[in-house]
Amino acid sequence: MADEPLVLGIETSCDETGVGIVRGTTLLADAVASSVDTHARFGGVVPEIASRAHLEAMVPTIERALAQAGVGARDLDGIAVTAGPGLAGALLVGVSAAKAYAYALGKPLYGVNHLASHICVDQLEHGPLPEPTMALLVSGGHSSLLLAPDITGDVRPLGATIDDAAGEAFDKIARVLDLGFPGGPVIDRLAREGDPKAIAFPRGLTGPRDAPYDFSFSGLKTSVARWVEAKRAAGEDVPVRDVSASFQEAVVDVLTRKAVRACKDEGVDHLMIGGGVAANSRLRALAEERCERAGIRLRVPRPGLCTDNGAMVAALGAEMVARNRPASDLELSADSSLPVTETHVPGAHGHSHDHVHEISKDNLYS
């Protein structure tokens, strides 16, 4: 284990400052500082507030992770950071911090893809990823079906949302029902006491001529909102638990149905589910049920590793080091729309920044 790469990962794509430390595929530390409560009164994430929260939380969270892992900054073999996709200002804070630490410590820097990191985090729980890996990623910003023959360099998009992401739909329906922000956990909780068959909400893009792996939740969101408005206009009570259960069922039905179909079509005998919505209890249960019926092995990380965290970034960074992937230049910049096909952002000249690190070791960290 001592020979495996020790990597620190920084994640700031949205409203959570995550710092993780990984040795190979073993998680040593997972420190998170969330600003979600600050955004709650606005009903969603405010980018400027998120960026300022990252600035304040960055150094204390890194120090907490190092203490938790029982390692010193000098012991690290590399620094990994989410370079995109995400909120531009939030990403810039993480990238700037990672560059500063890499420069001062003389360590290689790896700018990695947020979505690929969500896939790679499963290695920390269930061991090395099969190749290829089929992944369903569902969060507030993304709903994607991805085939990854090599998580460090070959990730292929099979399908994605054409409008609202699944997590975004949960937040919007929670707002319609006056349940607060974020919407996912509270709808999941209320749905357990409701009837998922009470209301027949639509299943987007499930017709014979629709794109087989793409998702659409905008029509579902509108349908739920109109149903609730009609109830209120008639002076009737809205059955919040039944609405929550029926809406949730419509989302997870489509997600799991398309994911299992992709596995069958591509001849892949397992499915990995990641992203914040992967913490949803009904999604996990229905995926388990459908995968078992189809002879597909399901891999889902524990809920704490599904939401945005630094451990997932460290996991992908460690894989980059282990496979001798080129490090990023110190000119690395944040890319809010970084495509998933770019699993990491290598330097233009490979390891050309090493001479800078040699100087910095003596001058900045002695």
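Calculation criteria
- Residues numbered from 1 in each chain as written.
- Predicted model: local features only at pLDDT ≥ 70, side-chain atom pairs only at ≥ 80, totals over all residues.
- Heavy atoms only, no water.
- Pairing = 2+ DSSP bridges.
- Helix = DSSP H or I, 4+ residues; strand = E, 2+ residues; numbered from the N terminus.
- Axes fitted to C-alpha atoms, helices over the stretch in contact; angles between N-to-C directions.
- Contact = heavy atoms within 4.5 Å.
- Disulfide = S-S within 2.5 Å.
- Buried < 20%, exposed > 50% of the residue type's maximum accessible area, 1.4 Å probe, protein only.
- Salt bridge = Lys/Arg side-chain N within 4 Å of Asp/Glu carboxyl O.
- pLDDT = per-residue confidence, 0-100.
- Parallel < 35°, antiparallel > 145°, perpendicular 65-115°, else oblique.
- Nonpolar A, V, L, I, M, F, W, Y, C, P; charged D, E, K, R; others polar.

Undergrad: Help me understand the sheet that holds strand 7 (residues 143–150) in this model?
TA: Sheet strands pair via backbone hydrogen bonds, and the direction of the pair is either parallel or antiparallel. The strand order across the open sheet formed by 5 strands is 8-7-6-9-10, and the pairing between neighbours is mixed. The outermost strands of the open sheet, each flanked by one partner alone, are strand 8 (154–160) and strand 10 (297–299). Mean inter-strand twist for the sheet, computed between neighbouring axes without regard to direction, equals 25 degrees. Pairing of strand 9 (residues 270–274) with strand 10 involves 3 bridges; the strand directions are parallel. By the bridge assignment for strand 10, Leu271 is matched with Leu298. With respect to the sheet, helix 9 (residues 240–266) is in contact with strand 6 (133–138), strand 7, strand 8 and strand 9, its orientation differing from that of strand 6 by roughly 165 degrees. Sitting on the sheet, helix 10 (residues 281–294) touches strand 6, strand 9 and strand 10, and the angle it makes with strand 10 is about 155 degrees.

Undergrad: Just checking my understanding: could you explain the state of the cysteines for this structure?
TA: A covalent bond bridging the sulfur atoms of two cysteines is what the word disulfide describes. Inspection of the entire model under this criterion finds 0 disulfides. Free cysteine: Cys263, not disulfide-bonded; nearest cysteine sulfur from Cys291 at 6.2 Å. Residue Cys263 is classed as buried on the basis of its relative accessible area of 1%.

Undergrad: Is there a simple way to think about the pattern of salt bridges in this case?
TA: Where charged atoms from two side chains of opposite charge approach closely, those side chains can pair. For the structure shown, the criterion picks out 21 salt bridges. Salt-bridge contacts for Arg299 lead to Asp122; the nearest nitrogen and oxygen are separated by 2.4 Å. Taken together, the residues Arg299 in strand 10 and Asp122 in the loop between helix 4 (114–120) and helix 5 (123–126) connect sequence positions 177 residues apart. Residue classification places Arg299 among the buried residues on the basis of a relative accessible area of 2%. Arg192 is the salt-bridge partner of Asp188, the closest N and O atoms lying 3.6 Å from each other. Residue classification places Asp188 among the buried positions, given a relative accessible area of 6%.

Undergrad: I tried to follow the side chain of Thr133 on my own but got confused; where do I start?
TA: Within the element layout of this structure, Thr133 appears in strand 6. Ignoring anything within four residues of it in the chain, the contact list for Thr133 reads Ile119, Leu146, Leu147, Ala148, His270 and Met272.

Undergrad: Honestly, the pairing of strand 3 (residues 26–34) in this entry has me stumped. Any pointers?
TA: A regular strand carries its side chains on alternate faces of the sheet. The pairing of strand 2 (residues 16–23) with strand 3 spans 8 bridges and is antiparallel. Note that in strand 3 the partner of Arg23 across the bridge is Thr26. In textbook terms, the turn of a hairpin is the stretch between consecutive antiparallel strands, and for strand 2 and strand 3 this stretch comprises 2 residues, one of which, Gly24, has a positive phi near 65 degrees.

Undergrad: Sorry if this is basic, but what is going on with helix 7 (residues 183–191) here?
TA: Three or four residues apart is the spacing at which side chains of an α-helix point the same way, because the helix has 3.6 residues per turn. What helix 7 keeps buried is the set Gly183, Val186, Ile187, Asp188, Leu190 and Ala191. Contacts made by the buried residues of helix 7 are with helix 6 (166–176), helix 9 and helix 10.

Undergrad: What am I meant to see in the confidence of the model for the protein here?
TA: In low-pLDDT regions, the fine details of the predicted coordinates are not to be read closely. Here the protein shows a mean pLDDT of 93. Residues at 70 or above account for 94%. Confidence drops under a pLDDT of 50 for residues 349–366, and excluding neighbours within four residues, the segment shows 35 contacts in the predicted structure.

Undergrad: Any chance you could explain the packing of helix 6 against helix 8 (residues 218–233) here in plain terms?
TA: Geometrically, a packed helix pair is captured by the angle between its two axes and the distance between the axes. Running from N to C, helix 6 and helix 8 cross one another at 5 degrees; their axes reach a closest spacing of 10 Å. What the angle tells us is that helix 6 and helix 8 run roughly parallel. Contacts from Lys172, Ile173 and Val176 in helix 6 reach Lys221, Val224, Ala225, Val228 and Arg232 in helix 8. When the residues that make up the contact of helix 6 with helix 8 are grouped by side-chain class, the tally is 5 nonpolar, no polar and 3 charged.

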